Structures are given as structure tokens and as C-alpha cells.
Amino acid sequence: MTENIELTEANVRADVQAWLAANWDADLGLVEWRNILADSGWGMPAWPTEWFGKGYPSGFVSVVEEEFQRVGAIGVARAGIRMLAAATILEHGTQMHKEKFLRRILTGEDTWCQLFSEPGSGSDLAGATTRADLKDGTWIINGQKVWTTSAHHAQWALLLARTDWDVPKHKGLSYFILDMTQDAVEVQPLRQMNGHASFNQVFMTDAEIAPEFQVEGLGDGWKIATTTLMHERRGADGLRSWAMGTDRPERAYREEREELAHSMAPYKWYPQRMGRVDLVIERAKAMGKYDDPVVRQEIAKLLTLAKSAEWTARRARAAQVLGRNQGPEGSIGKLAASHVARLGNQVHTLISGAGAMLTGDDSALDGVIAEILVSTPAISIAGGTDEIQRNIISERVLGMPKEPRNDTDRPFRDVPRNTIG
Amino acid sequence: MSFSFTDEQTEFRHVLRRFMTDKSPTSEVRRLMETEEGFDEKVWRQLSQNLGLAGIHIPEDYGGQGFGFVELSIAVEEMGRALLCAPFFSSIVLAATAILNTADEAQKRALLPAIATGDVRATLAFTEDNGRWDNGGVAMEATAVGGSYQLNGVKSFVLDGHTAEQIVVLARRPGSSGDGGLSLFHVLGDADGLTRRRLKSMDDTRKLARLEFENVTAELLGAEGGAAVPMATTLDQAVTCLANEMVGGAEALREQALDYAQMRMQFGRTIASFQTMKHKSADMLIDVELAKSAAYYAASAADGHDGDGGENVSDLPAVASLAKASAGEAYMQTAIHAIQIHGGIGFTWDNDTQLWFKRAKSSEVFLGDAAYHRELMLQRWQD
Ligand SMILES: Cc1cc2nc3c(=O)[nH]c(=O)nc-3n(C[C@H](O)[C@H](O)[C@H](O)COP(=O)(O)OP(=O)(O)OC[C@H]3O[C@@H](n4cnc5c(N)ncnc54)[C@H](O)[C@@H]3O)c2cc1C
């Protein structure tokens, strides 16, 4: 592969095909294969070449993924918030952070979680009251986080904590990497309305962080959290596909299946929260309703919405490939996903009829349909609520005036807040 | 009801609300949801006997209180508000109403008094595996054998079907179809040849069962082959009650979401102070109040009145469907908003919002969804 060959879709496709033909081997161990992948750069083509990437515009990622899928090659580990951690570390981390963390994120050996939301601060993340105090050269952390996805099996966490109470709220926050395996961190699973427990409460009582695990400087926490959140919103456009596993017998597939079955079990409902548009036609046929004009109208509306949302996300990606500034199309993916999920829920209810009252193995597709019906409300809350997305769009994209605020002009300790969670 | 309730009806509602607050807090609801039978025997007795609710719309001649659908609707609205777990809808709204509409005089005298006191819990089994709510969906056959009948087939989505002591079953003469050849039968819950299995319901405040009949001996209720019309009337009346139950649930959700918004602070102020929250809350009020008006009007029509207490017996079929379609959308939309207003906590198991959300979901399809009822409504509409 010569470096100065023109970067076109066809060239990238040919390169990745050739590399996969020479290297993909389903009999390798999962971690062994992902290490090879990390070294090759093909696991994260949009990352810089010095850090496990190829330095390609992100628009080529889907080309590479298609070629992986064509030969059934397993990709790097992507589940959970590991990719948000990686993006944040790439942008703001030190050389040591990158060396220590990035590879093990990609191989799936380390799991991460995001300690941002608290009982008293969700939408208003900058209102965090978890405190970090420097004592004898070590950061001492005290406080409570909530809704923390993956905390029950995470080795590391991205932590937003308050280091100064006498400055306005956004200025007193700092950003840390916390070792979740220490005794001072207690994780309690929280059960969701769909019965799964993929998120947790996390209590930190004199937890310790060595100074080199602070990310950037004192008071930089909000700026860095914004990077993490931007990646979270971008990932919410529904374009990302979920590893579903296959039942093929080779070692790498077997180990991926184990990964999915054990560590991924609490997240089994994730595809369902998106509304499972992919199942709608199949279900309508199975229920004998595909010829019903009322049902057809609703299915057509859903497909129109879902396809338009997908193409909008693709427009945003295409602009990235060409190095152009994204227009408003880049900001609406998360909101569009909420609309799709809600309508998907409605259409599955319409198709299922009386069956929508059932769950578990008494319900269609072994409970998958029932799970859609009680999981879609997560989409318009997780990663920033629909209302907050609308505020962002109206103020930052459309240039509408900001709400007058009375919480940013004074020391944080003087800002009114709930005492209960 | 004259578009407003009488003083007696309002007092009746207050009594019920106090009872429900006392006997059906969400801790009790959650406890009963986890049980196989899904209700508390003691509360059922208090409700049936102390409050006389089980006999509310059953005429005095058959051991009941002799009130109408307006009073019955007040009762189910309060139950829906509190998510009361009890076999009330199955036994009183469905089974007793079906018997009233179908059975002959002697059968009413034999069956209704025990239902009216709550001593016997009954249900109505009409839906089958195909999930259809109309008469045409019935395939179960009733064959005349000597002086009685034998039932063969399957009933599904039967409310409290696994615990009911008596079951009113809709079946058809072999070879018949559509509205023709349908009859209602009376079967004992422990009859030979009857196999009952509780279905796993997404909304565990509403227990459902699947019943398999193999040569089950049954007693014919009323005239052979004449059940289509009384069955349709029964469903119109039940749908009216369901709409009232649903608006009770929707209103409870709306109020809880408002309370939460008033006390939850973000950005140094209550979230209720954000205009988007105000608009959402105002929209919820409109949805719920419109649906309440439709449900109340339908209840009045079920008693043969128009909204001003005048005579009007003809428009129940259309307005029952109108009320159900309206309540279905209002309840679900209110539930979606209520979770959204709660944010992350609204998506948790321990927060009570999800209990009403699931109840809204199951109510949305129970006895027919909004699309089904909008079609029925227009078929029955009279200018
Ligand atoms: C499935 C799931 C997974 C999650 N995973 C994580 C995780 O891994 N890590 C993590 O840190 N967090 C996580 N969260 C938390 C999530 O980010 C928060 O729940 C969310 O940001 C909302 O915060 P809140 O729950 O405190 O609600 P609140 O902020 O209290 O919001 C309540 C209501 O008020 C509205 N509101 C608030 N502010 C405004 C405003 N300015 N204008 C208009 N309306 C407003 C909201 O839109 C909402 O409707 C997760 C949540 C869910 C549901």
C-alpha cells in the first residue's frame, strides 16, 4: 500500500479487502485478533495513524465496516461508552493516558463508564456536587453518581467532579479518570422499567485518584465533558449497528458470543429501544395485517421517517468525508432517533393488537416485541433529553436567544438546588 | 348526568377515592402484581360488601344496588386512578353485564346475586388466539349433547381467566360464521376438560389467561344462536367503562408529573418554570380533559341519556367507540410525557410512573385499539 495513492472509496475498499484476505482468521483468539486489528489501523480507520488508526475522514468508516461484514470479520470492541472514553482521551488525554488506555479499549479488555449524571444534576450536568479535594498530592473523591451505564463491570470511569465551589458552576469542574476497582467505589445496580439493569448508582467515599489521572487542568472539566457529550450525541443517530453475534463455530466467533452473552447481557434491550423498524414489515406479514390499509399507512409513515433520518445522518457523514462544515443536518440525529423510536413503538403496538399485552415467551419473537414497547422511552432521555436537544438546536444552530439564567452569574455555592435526588 | 355529577355522585367518588388511597397504594399494587392471582381477598370483600361496589349496576331484583353505568364508571375511574388490582372489570363489568344482557330471568336470579356480593368471581371469555375483539373472530364450537352443550376450542386474553370461579363463554353453532349462530354459555372454572394457564402480561396489574376447552359441559344462557346483539351491547358498555377507567389513570399520571415538575430543580430553578414544560403540561391537561368528556358522555349514553339527562338511547355504540379511541391516545400520550418529565428516574422500575405507562399500553389495545374503534365509530355514526 503506497501512502500517496489518492484516497477514494474504491481505493479504500480495495485496500481493506486485500488486508482482510491476508489477515482475518476466525480461529484466532478474540483479543489476539483485536490486537492485530489495532496495530493495522483498520479497526478505527478515522483515528490518527500514531494511535491505532489510518487518519481517514470518518466517512470512510462505513466503507471499511461493510467490507468487514462481507467476510464476517469481527471488529474492535465498541459496546458501552468505551468509544466516548477513547474519543475524549484522544482529544484531551496525555501521552501516558493514550498508551495506557486506548489499546485495551479496542481489544475489549477494559470497560469504561461515564460518571457524569447525579441525582441532583442530569440535564444540568454543570451542577455536579461530587467533590474532588487535593490532599497530600492525591485527589480524594466524595459523592454520588447515578444512571451510570456499565459501572457494574467497568475498570475505569470518566469522572466530572467539583474542585472549586466559589466560582460560577461551569468554572469549578475538573475531569478525571477514576479506577473503578478500588474499594472506596460502591456500585449498586438500578433496575429499569423493562426489567433490565444496565445502569447503576455509584457511591464514592474517599476514593483516590493520582494526580496524573486528571485530564487537563483545574477548571477544565466542563470543556472536556462537552467533547464527550458531543460524541455521545453524534453516536445517537442510529447509524451504528449492534454486534449481534453469529453461531459459527470458530474460536473468535465463540469468544465474541461469550462476550455478548455475559458482559453484554444487561444491554440486550438496546436495539429494542430504537423501535426496531427493521422488524415491522415481517411482523405485519406474520400477523396477517400487511394488507390492512390502516396498518400500511402507519408502516409507510414509519419507514419514511426512519429512512429520512438515516439519509440525514448520511448527509452529515458525507459532509465530513469531504471536509466540509456540517450544516444543521448534523445536530438533528438524536432527536430524529427519538421520533423514530416512539413511532416504532406505536406501529408495533398496532400490528401486535391484543398480543401487545403480553411479555416474555408468551409474546411475539420471544419477548422482543414486548421489550420494544417498554424500552423506547429511554431514547428521549439518555444522553441528553429531547428538550435539551431542542434548546441546543434552537440556540446554537438557529441562533435564537438564550434563556436568561440566574445560575451562572454567581458562586456555585449560592445557586439554588434540590437537596434530594 | 347533565354534564356534571350530582352531589351524591360526587360524594360517592370521594368515598371511593379515600378507599383506594387507603387500600391501593402503589406498594400494594406492586405486591399484588407479583402474585399469581393478582388481587387481595380481603380488599375484594371490603370493596364488594362494605362499599357494595360489586353489585353497583346490577338491579335490586338480582341482589344488586340498582345504579347505572354513570355510577359504575365513577367506580372504575377511581380504580383506574389507583391501579387497583382486583377482579372487578372481569366479574362486574364484563361477566355480570353479559349475563344481564343475555340470560333468561331464571338464570339471572340464579347467577347474579352471588356475583353482586362478590362471593363469586366470574369473567367473560370471548377473544381467541387471533386476538380479535369482534364476534366474527370466534371459532370455538358449541355442540348440543342431550339437554346441554359441549365446548371445544381455545379462548385467550381472558381477564382473570385463571382465577374466575365462573366463566361466561362465547361460542358458535358448528358451521355458522360471523354474527350468526353465536351463543353465550356458562361454565364453572373448575369444569372437567378445561385447562387454564396464566399468560405473562406486560402490565401485571391486569392478569390474563388462556383457556383450552375439551368437551367442556356448558349451560346455554338465553336463546340459542341469539348472542350477537347482546354481546355487541355488552362490549359497548364494557368499552365505555374501560374508557372511564383509563381517564382515571391518565389524570393520576398527569397530576404526578406536574407535582414532580414543580419540585425538581435544574439550572437553579424548577423545571416547571421552563416554557416547554409548561406547554407539555398544558397539552396533557387538554388531552386528559377531552378524553374525560368523551368517557363521561359515553357513560351517560350507556344509561340511555344524552349529556343533559334527556332521553337518548341510540348513540351509545358510536360514542362508546369514540370514547375508547380518545382515551387510548390520551392515556398513552400522557404516559409518554410523564416519563419524559421525570427524566432518568421515570425510566426506573422503582419509580411508579412505569406502572401507569404499562397500564396505558395494555389499555390501549384491550377491547380494541384506537384504529379499530375509529372504524367502528364511523360505521355506527348517525347524523
Ligand atoms: C438508559 C439511560 C442510560 C443512561 N446512561 C448514563 C451514563 O452512562 N452516564 C451518565 O452520566 N448518565 C446517564 N444517563 C442519564 C441521562 O443523561 C439523564 O437522565 C438525562 O440527562 C436527564 O437528566 P435527569 O434524569 O436528571 O432529568 P432532569 O434533568 O431532571 O430532567 C427532567 C425533565 O426536565 C426537562 N428539562 C431539564 N432542563 C430543562 C431545560 N433547560 N429546558 C427545558 N426542559 C428541561 C428535561 O428535558 C426532562 O423532561 C442515562 C439515562 C438513561 C435513561
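Criteria and thresholds
- Throughout this description, residue numbers start from 1 for each chain and increase along the sequence as written.
- To label them, take the chains in the order written and letter them from A, then take the ligands in the order written and number them from 1.
- Restriction of local features to residues with pLDDT of at least 70 applies here, the model being predicted, together with a cutoff of 80 or more for giving and counting side-chain atom pairs; totals for whole chains, interfaces and linings are based on all residues.
- Computation of side-chain values covers all heavy atoms of the structure but excludes hydrogens and water.
- Every axis corresponds to a line fitted to the C-alpha atoms, with the helix fit spanning only the stretch in contact, and the corresponding angles, defined between N-to-C directions, vary from 0 to 180 degrees.
- Elements are defined by DSSP. Helices are runs of H or I of four residues or more, strands are runs of E of two residues or more, and each kind is numbered from the N terminus.
- When an angle is under 35 degrees it counts as roughly parallel; over 145 it counts as roughly antiparallel; between 65 and 115 it counts as roughly perpendicular; any other value is oblique.
- Two helices crossing with the near one rotated counterclockwise from the far one by less than a right angle form a left-handed crossing, whereas a clockwise rotation gives a right-handed crossing.
- Note: domain ranges come from an automatic or database domain assignment.
- Contact between two residues is taken to exist if any of their heavy atoms lie within 4.5 Å; hydrogens are not considered.
- We define buried area as the total accessible area lost by two parts upon association, computed with a 1.4 Å probe and summed across both.
- The term salt bridge refers to a pairing of a side-chain nitrogen on Lys or Arg with a carboxyl oxygen on Asp or Glu at a separation within 4 Å.
- Counted as a polar contact is a pair of N or O atoms within 3.5 Å, where, for protein atoms, one must be capable of donating a hydrogen and the other of accepting one, and residues adjacent in sequence contribute only when both atoms are in side chains.
- The distinction between a cavity and a pocket rests on a 1 Å grid over the protein atoms alone: a 1.4 Å probe fits inside a cavity but cannot get out, while a pocket stays open yet meets protein on both sides within 12 Å along at least five of seven lines, and a residue with an atom within 4 Å of a point counts as lining.
- Grid points are joined across faces, edges and corners, and a volume is the space filled by probe spheres set on the points.
- Polar here means any residue outside two lists: the nonpolar Ala, Val, Leu, Ile, Met, Phe, Trp, Tyr, Cys and Pro, and the charged Asp, Glu, Lys and Arg; Gly therefore counts as polar.

### Side note on the packing of helix α8 (residues 275-302) of chain B against helix α9 (residues 316-342) of chain B
All names here are of chain B.
Now for step 1: Between α8 and α9, whose axes approach to 8 Å, the crossing angle comes to 155°. Comparing the axis directions of α8 and α9 gives the class roughly antiparallel. α8 and α9 meet at a crossing whose hand is left-handed.

### Topic: the domain arrangement of chain A
A common way to express how large an interface is: the accessible area buried when the components associate.
Residue and element names in this part refer to chain A.
Now for step 1: Examined at the domain level, chain A breaks down into domain 1 (83-234) and domain 2 (269-384).
Now for step 2: The C-alpha centroid of domain 2 is placed 31 Å from the C-alpha centroid of domain 1.
Now for step 3: Opposite the nine residues of domain 1 that make contact, domain 2 presents 10 residues.
Now for step 4: Together domain 1 and domain 2 conceal approximately 770 Å² of surface at their shared face, both sides included; 52% is due to carbon and sulfur atoms.
Now for step 5: Between the two partners, domain 1 and domain 2, sit zero salt bridges.

### Some points on the interface of chain A and chain B
Now for step 1: At the interface, 51 residues of chain A touch 43 residues of chain B.
Now for step 2: A combined buried area of about 3900 Å² lies between chain A and chain B, and 63% of that area is made up of carbon and sulfur atoms.
Now for step 3: Of all residues in chain A, Met193(A), Met357(A) and Glu387(A) give up the largest surface area on contact with chain B, accounting jointly for 20% of the area buried on that side.
Now for step 4: Inspection of the chain A/chain B interface yields four salt bridges.
Now for step 5: Lys280(B) serves as the salt-bridge partner of Glu387(A), at 2.9 Å between the closest nitrogen and oxygen.
Now for step 6: Applying the counting rule to chain A against chain B returns 22 residue pairs in polar contact (both at pLDDT 80 or more).

### Description of empty space enclosed by the protein
Now for step 1: Tallying each qualifying case throughout the model produces five cavities of 30 Å³ or more.
Now for step 2: Taken as a whole, the largest cavity spans an internal volume of roughly 210 Å³.
Now for step 3: Of all the elements in the fold, those that place two or more residues in the lining of the largest cavity are α4 (69-82) and α5 (88-102) of chain B.
Now for step 4: Residues of the lining of the largest cavity, tallied by class, amount to 10 nonpolar, four polar and six charged.
Now for step 5: Approximately 140 Å³ is the volume found for the second largest cavity.
Now for step 6: Along the walls of the second largest cavity sit 14 residues, with Arg342(A), Thr376(A), Pro377(A), Ile336(B) and Phe357(B) positioned nearest its centre.
Now for step 7: Of all the secondary-structure elements, those providing two or more residues to the lining of the second largest cavity are α11 (333-352) of chain A together with α9 and α10 (353-365) of chain B.
Now for step 8: For the lining of the second largest cavity, the element with the highest residue contribution is α11(A), accounting for five residues.

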